[in-house]
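# Coordinate analysis (summary)
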2 protein chains.
Amino acid sequence: MKRNEFLQLLKERILLLDGGYGTEFFKRGYGEIPGELLNLRAPEVVETLQREYVEAGADIILTNTFSANRPKLISLGFEEYFEEINARAVEIARRAGKDKTLVFGDLSSTGNFPRPLGSMNFEEAVQAFYEQARILYEAGVDGFIIETMSDIKELKAAVYGIRSVTRKLPIIANMTFDSSLRAVTGTSVAIFATTFEDLDVDVIGINCTLGPEEMINVFKELANYTTKPLLVEPNAGEPIYDGKKLSYKMLPEHFAIYVEDFVDLGTNIIGGCCGTSPEHIKVMGKLLSKRKPIQRKVHFTQALTSRTVYRTLEPFAVIGERINPASRKKFQEEIVEKNFQTLLKEAAFQEKKGATLLDVNLGIEKLLTEEHFKDAVIKLDRQSSIPISFDIQTSNYLEVALREYPGRPLINSARVTEKSLESRIELLKKYGGMLILLAMGKEIPKTPEERFKKILEGISILEENGISKERVLADPLVLSLGAKKDPYVTLETVRLLTEAGIKTTMGLSNLSFGLPNRSYINGAFLAQAIEKGLTSAIMNPGDSFVMGSLQGSLALKGKKITEEEKVLTEDPM
Amino acid sequence: MKRNEFLQLLKERILLLDGGYGTEFFKRGYGEIPGELLNLRAPEVVETLQREYVEAGADIILTNTFSANRPKLISLGFEEYFEEINARAVEIARRAGKDKTLVFGDLSSTGNFPRPLGSMNFEEAVQAFYEQARILYEAGVDGFIIETMSDIKELKAAVYGIRSVTRKLPIIANMTFDSSLRAVTGTSVAIFATTFEDLDVDVIGINCTLGPEEMINVFKELANYTTKPLLVEPNAGEPIYDGKKLSYKMLPEHFAIYVEDFVDLGTNIIGGCCGTSPEHIKVMGKLLSKRKPIQRKVHFTQALTSRTVYRTLEPFAVIGERINPASRKKFQEEIVEKNFQTLLKEAAFQEKKGATLLDVNLGIEKLLTEEHFKDAVIKLDRQSSIPISFDIQTSNYLEVALREYPGRPLINSARVTEKSLESRIELLKKYGGMLILLAMGKEIPKTPEERFKKILEGISILEENGISKERVLADPLVLSLGAKKDPYVTLETVRLLTEAGIKTTMGLSNLSFGLPNRSYINGAFLAQAIEKGLTSAIMNPGDSFVMGSLQGSLALKGKKITEEEKVLTEDPM
Ligand SMILES: [Zn+2]
Ligand SMILES: [Zn+2]
Ligand SMILES: [Zn+2]
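These remarks concern the structure in this document. (Residues numbered from 1 in each chain as written. Chains lettered and ligands numbered in written order. Predicted model: local features only at pLDDT ≥ 70, side-chain atom pairs only at ≥ 80, totals over all residues. Heavy atoms only, no water.)

## Describing the overall build of chain A
Within chain A, the regular secondary structure consists of 23 helices and 20 strands. Against the compact-globule benchmark of 25 Å for 573 residues, chain A has a radius of gyration of 25 Å, which places it among compact chains. Along the first, second and third principal axes, the C-alpha set of chain A runs to 80 × 50 × 45 Å. Nonlocal contacts in chain A, meaning residues at least 24 apart in sequence, comprise 76% of its contacts between residues at least 6 apart. When the accessible surface of chain A is split by element, carbon and sulfur atoms take 51% of a total near 21900 Å². Between the centroid of the 73 positive side chains of chain A and the centroid of its 79 negative side chains there is a distance of 4 Å. (Helix = DSSP H or I, 4+ residues; strand = E, 2+ residues; numbered from the N terminus. Rg over C-alpha atoms; globule rule 2.2 N^0.38 Å. Contact = heavy atoms within 4.5 Å. Areas by Shrake-Rupley, 256 points an atom, 1.4 Å probe, with all protein chains shown as cover. Lys, Arg positive; Asp, Glu negative; His and termini not counted. Charge placed at Lys NZ, Arg CZ, Asp CG, Glu CD.)

So, in structure tokens, the structure goes:
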């Protein structure tokens, strides 16, 4: 099914997904592991279950391929059946669903996370999902669903793998959270939703871990942070351990009570995860009876994320400039040797001093390789770094870094030239995130009006390519005061951009390059720029004068330097 | 002669003044001291000399009363002749001059400076000049000239004394400077000119100490700093000491060479001081032959002065707020006891930290007397303080302080109400200086536009009363952020005032009253206000954060915190 047809369908009515597989196979006496082997050994058991789901009213059934990726099958000792399990799964589902029911290829974790949480290289993970998705695609699925993911980076790998196979079919991307609104890997619901907001997936959702009652809060959070259609699949309550095995006891009628809540919160697809049976799906289906999804109000914020940290541009984003070995010879040498000690120290130091984001510039790029960029991203991720602004000149190094990144990145930067924008647009489409757009083409315009127009021109090109202006941080350009450049051109450009509703950032320290009392100059200018509406700056959070000036400027607006994340996770509705 | 007639005459042509008296009496065998006794003992000698000056072409001759004030005559042992010497001097000059020549009453130092340089109370000095001027006035002089003054405060006493006699006759006020452009008491030519710019005198000038060649630079400086008509009276060169007495040897033809220079620099009256004879005046008169004075270009700066310090509002005036015992109990007690130790320490400290001016507020005024205010001004003067902003609520205390002050004061402040403005206008007319005008009437207007209008209304009333808007520092009012007052109203008011060419100041620290991190808030706001055009603030120069913010803000305008006075004394033409 084409993506736009699928999205159209989601607008028309709430779709019903199927329920549990593993727990049903177990109940029916087929407790062997993995259940995916049934596709070969007892396909009628699979087909029967799926037919029951179809008869229960499911609009979508999933292929019985949850654990059928190659690495997982290797670990289970069944690698040899990899292709066959996946290809047969689609045939079975298609038979069960006939022509009326959509068949989505089901994917989940390989069981070994990509670095840093696991030992897998990211591209190996991507390759694993690519392989599985290719078989499912060739066997004729209508779309894909990625379920029960707890590592956001592995989820990205799955998406990138599937999208290497096809960009025509819809993808549903799920993570699984506990009631603290966090995945076990530390990613919050807000981070998940924000990170996937501009990735190339069609629906985002949550499944497993919680029963419907506990899942309401998680789902509410999800609904607040994304404009994408939503999916939800609760378990049939809390698992009960009888000394031998886990089982789920929530009865279909009890389970279905919560359907109304998920509908009210705006779900587009609803199904069941562990412990749910065709009976659960059937009761839900009756309650649902082709209802239209509600129009959600989304609390959209311009946020950037790392794996564990969600940061908005409000009230002001301090982009720490210190990870940059320019004129720090020893730092550059360390990086060349893949010694990231200073880099990680600077990351922690800047975070402590109030940085919102980290600008990462590894210095002289011709001394470096792709591995340097991957490793830097992985090390920062392992340290639970705040979100990154990627200040990388070489295009393929930039792509390598973005690809390795678990969160929603800031790309620093693009000029308003065809070549520069084209390459950044491609990256933004693939990897999401925001872009610092410089108010210049090949040359730097002299007047504020010209710089402002340059930004509008850039935004218009981005919008033609599906990148909304909310994803842009415009940089009015700060030139060197020492070189007799007029700082008021920059201020006036900030004012014009702010008036037009465009968020801004600037490389503050450029201003005072080579001058004495740099802090005073930078601090005073920052205060003036904030009064004009500046929303962010690439600056030194270790400079207590400049940070004081920021703090004072925000106090004048009745704001504090950092809003707590808890504020952002409160229900805004 | 009425003042406006005299000023009209000065516009028509350059007037010739007479020459030396003492040196001429000595040459003619009347070396007794004081020469003023000749008015009684040999009036024909005086009359002959004056007639020679009239015949040489002098438009103005001076009464032979240079040392004839009471204190000086007491010190010389001739007090008993005080009235007679002065009264007869006018009669003699009138006879010598017939009806054609103007007779100006001549006054000079009492020989004992007012406090702090001498032991006289200021009002005693005023009284001495008052007495002498009254006799000269009653005897029928056409105007007054105060000559060879080296203490600017004594010169002010002379002016106030004369003006207590009459406001109808012109006054010419002279000081004497050496070639370093300073009086021996430390007052510079710029300070003299600036301080007397808005005092109630008609002409300002320089006489004595230097020959014409050396006097050119001094006169050039004078001409740069005042819009008033100018007078110059050089000595006949350097005095030569022959072991017995000083004499002046510059020949009339040589002396007169420099007339052209003084004319080119814009003099309105020219004569000779020590060593010049009727022959010198005659040669000058021939060269001059009723020439019109040139139109001068005046390098007008909004400056405030103390006795020894000249401070412009450019690039920014830091008005030190620390001389204010509010909530400093010990400081208040000291002041009540006339112990000015802390006050003087705060003055020196603030100057060292970069204050341009000192705001002086002595705290709870009902605990104080006039003497407290006089003493504070005198102590600060003795310490060679920077110029003062008088933050005094009680009107007569304010007047006492202004009267005692040697320089050009800043008056802090007036509201735009009839009562408040009326009293300040009177003081500005009497004592000169600038006024902080608050952007409020009885109430504080809420919007920037209303505050701006309030200032325009105040300026219009001031201008009707002869106080130009260049003498106003408008205060847009800084209210407490803690009390939820909007600081952007203040900023926008600064912008409107700046656009209208009005200079501004503000009580910066009010902003953060009761809040944490006051420095950051004050510093950030200062930077923002400077960007809007703020030219001055009452603030704490001991706050290094705020001063850093100021320094940075000025650097952004390509300026430094303090311009050196030497820059200002350079020839701007
Ligand atoms: Zn599950
Ligand atoms: Zn003289
Ligand atoms: Zn003289």
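On we go.
## Overview of the coordination of the zinc ion (ligand 2)
All names here are of chain B. Protein coordination of the zinc ion (ligand 2) is provided by Cys-208 (SG), Cys-273 (SG) and Cys-274 (SG), with donor distances spanning 2.0 to 2.4 Å. Between the zinc ion (ligand 2) and the zinc ion (ligand 3), both coordinated by Cys-273, there is a metal-metal distance of 3.9 Å. Residue Cys-208 is found in the loop between strand E6 (203–207) and helix H10 (212–225), and its partner Cys-273 is found in the loop between strand E10 (269–270) and helix H13 (278–288); the two are separated by 65 residues along the sequence. Relative accessible area serves as the criterion here: at 11%, Cys-208 is assigned to the buried category. Owing to a relative accessible area of 10%, Cys-273 belongs among the buried residues under this scheme. (Donors = N, O, S within 2.8 Å, 3.2 Å for Na, K, Ca; no water. Buried < 20%, exposed > 50% of the residue type's maximum accessible area, 1.4 Å probe, protein only.)

## Here we look at the sheet that holds strand E18 (residues 472–475) of chain A
Residues and elements named next belong to chain A. Taken in spatial order, the eight strands make up an open sheet running E19-E18-E17-E16-E15-E14-E13-E20, and their pairing is parallel. Looking at strand neighbours, the two that pair on one side only are strand E19 (503–504) and strand E20 (536–539), the edges of this open sheet. By the bridge criterion, four bridges tie strand E17 (residues 434–438) to E18 in an arrangement that is parallel. Bridged to Leu-435 within E18 is Val-472. (Pairing = 2+ DSSP bridges.)

## Focus: the packing of helix H16 (residues 370–382) of chain B against helix H17 (residues 395–404) of chain B
Residue and element names in this part refer to chain B. For the pair H16 and H17, the least separation of the axes is 9 Å and the interaxial angle reads 30°. Considered as vectors, H16 and H17 are oriented roughly parallel to each other. In the crossing of H16 with H17, the sense of the turn from one axis to the other is right-handed. The segment H16 lies against H17, with Glu-370, Phe-373, Lys-374, Val-377 and Ile-378 engaging Asn-396, Tyr-397, Val-400, Ala-401 and Glu-404. (Axes fitted to C-alpha atoms, helices over the stretch in contact; angles between N-to-C directions. Parallel < 35°, antiparallel > 145°, perpendicular 65-115°, else oblique. Left-handed = near helix turned anticlockwise from the far one by under 90°.)

## Notes on the pairing of E20(A)
All names here are of chain A. Because side chains alternate across E20, one face comprises the buried residues Ser-536 and Ile-538, and the other comprises Ala-537 and Met-539, equally buried. For strand E13 (residues 317–323) and E20, the ladder comprises four bridges, and the chain directions are parallel. Paired with Val-318 across the bridge in E20 is Ala-537.

## Considerations on the sheet that holds strand E7 (residues 230–233) of chain A
Residues and elements named next belong to chain A. Strands sit in the order E1-E10-E7-E6-E5-E4-E3-E2 across an open sheet of eight strands; the sheet is parallel. Looking at strand neighbours, the two that pair on one side only are strand E1 (15–16) and strand E2 (60–62), the edges of this open sheet. As paired elements, E7 and strand E10 (residues 269–270) share two bridges and run parallel to each other. Residue pairing in the sheet places Val-232 in a bridge with Ile-270 of E10.

## As for the interface of chain B and chain A
Listed as interface residues are 24 residues of chain B and, on the opposing side, 24 residues of chain A. Taken together, the two surfaces of chain B and chain A that pack against each other cover about 2000 Å², and 66% of this comes from carbon and sulfur. In this assembly, chain B and chain A are joined by two salt bridges. With its nearest N and O atoms 2.9 Å apart, the salt bridge here joins B:Glu531 to A:Lys532. Between chain B and chain A we count four residue pairs in polar contact (both at pLDDT 80 or more) in total. With nine residues, helix H22 (residues 544–556) of chain B is the single largest residue contributor to the side of chain B that touches chain A. Per-class residue counts for the side of chain B that touches chain A are 13 nonpolar, eight polar and three charged. (Buried area = accessible area lost by both parts, 1.4 Å probe. Salt bridge = Lys/Arg side-chain N within 4 Å of Asp/Glu carboxyl O. Polar contact = N/O pair within 3.5 Å; in protein donor to acceptor, adjacent residues only side chain to side chain. Nonpolar A, V, L, I, M, F, W, Y, C, P; charged D, E, K, R; others polar.)

## Focus on the side chain of A:Arg451
Along the chain, A:Arg451 turns up in helix H19 (residues 448–464). Beyond its immediate chain neighbours, meaning those up to four positions away, A:Arg451 contacts A:Ala439, A:Ile444, A:Pro445, A:Lys446, A:Pro476, A:Leu477, A:Leu479, A:Val489, A:Thr490 and A:Thr493.

## Describing unusual backbone geometry
Residues B:Arg115 and B:Pro116 are joined by a peptide bond in cis, for which omega reads 5°. For B:Pro116, the position within the fold is in the loop between strand E3 (102–107) and helix H7 (122–138). At the junction of B:Glu314 and B:Pro315, the peptide bond is cis and its omega measures out at -10° in the coordinates. One non-glycine residue, A:Ser327, lies in the positive phi region at around 55°. Tracing the backbone shows A:Ser327 in the loop between E13 and helix H14 (329–336). When its relative accessible area of 81% is taken as the criterion, A:Ser327 is described as exposed. Of note in this structure, A:Lys338 is not a glycine but carries a positive phi near 55°. Checked against the element boundaries, A:Lys338 lands in the loop between H14 and helix H15 (341–352). A:Lys338 sits in the partly exposed class, given a relative accessible area of 36%.

## Concerning the packing of aromatic side chains
Residue and element names in this part refer to chain B. Tallying each qualifying case throughout the model produces 27 aromatic pairs over all chains. With 6.4 Å between their ring centres and 35° between their planes, Phe-78 and Tyr-81 make a pair best called tilted. Accessibility expressed as a relative area gives 23% for Tyr-81, which makes it partly exposed. On the basis of an interplanar angle of 90° and a centroid distance of 5.4 Å, the ring pair of Tyr-160 and Tyr-431 is categorised as edge-to-face. (Phe/Tyr/Trp six-rings, centres within 6.5 Å; stacked < 30°, edge-to-face > 60°.)

## Some remarks on the pattern of salt bridges
Residue and element names in this part refer to chain A. Tallied over the full model, the rule gives 76 salt bridges over all chains. In this structure, Glu-138 engages Arg-134 in a salt bridge whose closest nitrogen and oxygen atoms are separated by 3.4 Å. Separated by four residues within a single helix, Glu-138 and Arg-134 lie in helix H7 (residues 122–138), roughly one turn from each other. Here Arg-134 falls in the partly exposed class, since its relative accessible area comes to 37%.

## Observations regarding the packing of helix H17 (residues 395–404) of chain A against helix H18 (residues 418–431) of chain A
Residue and element names in this part refer to chain A. Direction vectors running N to C along H17 and H18 enclose 15°, while the axes themselves pass 11 Å from each other. In terms of axis orientation, H17 runs roughly parallel to H18. Crossing angle aside, the handedness with which H17 passes H18 is right-handed. On H18, the residues that touch Ser-395, Leu-398, Glu-399, Leu-402 and Arg-403 of H17 are Ser-423, Arg-424, Leu-427, Lys-430 and Tyr-431.

## Things to note about the environment of B:Ile172
Residue and element names in this part refer to chain B. Relative to the elements of secondary structure, Ile-172 occurs in strand E5 (residues 171–175). When its relative accessible area of 0% is taken as the criterion, Ile-172 is described as buried. Sequence separation between Ile-172 and Gly-458 is 286 residues, and the spatial gap between their C-alpha atoms is 32 Å. The residues contacting Ile-172, other than those within four sequence positions of it, are Phe-6, Phe-104, Phe-144, Ile-145, Ile-146, Val-203, Leu-231 and Ile-269.

## Remarks on the relation of the copies chain B and chain A
For the pair chain B and chain A, the relating rotation is 178°, the translation along its axis is 0.1 Å, and the fit reaches an RMSD of 0.1 Å. A rotation of that kind, with that shift, is consistent with a two-fold axis. Taking C-alpha positions as reference, the residue of chain B nearest the rotation axis is B:Gln528, located at 2.3 Å. Comparing interface residues between copies, 100% of those in chain B also lie at the interface in chain A; the contact surface is shared. (Least-squares fit on C-alpha atoms with pLDDT ≥ 70 in both.)

## Here we look at the pairing of strand E16 (residues 410–414) of chain B
A regular strand places its side chains so that they alternate between the two faces of the sheet. All names here are of chain B. The element E16 is extensively covered by neighbouring structure, given that five of its five residues are classed as buried. As paired strands, strand E15 (residues 388–390) and E16 are joined by two bridges and run parallel to one another. Note on E16: the bridge partner recorded for Phe-390 is Ile-411. Each parallel crossover has a hand, and for E15 linked through H17 to E16 it is right-handed. Direction of pairing for E16 relative to strand E17 (residues 434–438): parallel, over a ladder of four bridges. Across the sheet, residue Asn-412 finds its bridge partner in E17, namely Ile-436. Read as a crossover between parallel neighbours, the route from E16 over helix H18 (residues 418–431) to E17 is right-handed. (Right-handed = clockwise from strand over helix to strand, strands pointing away.)

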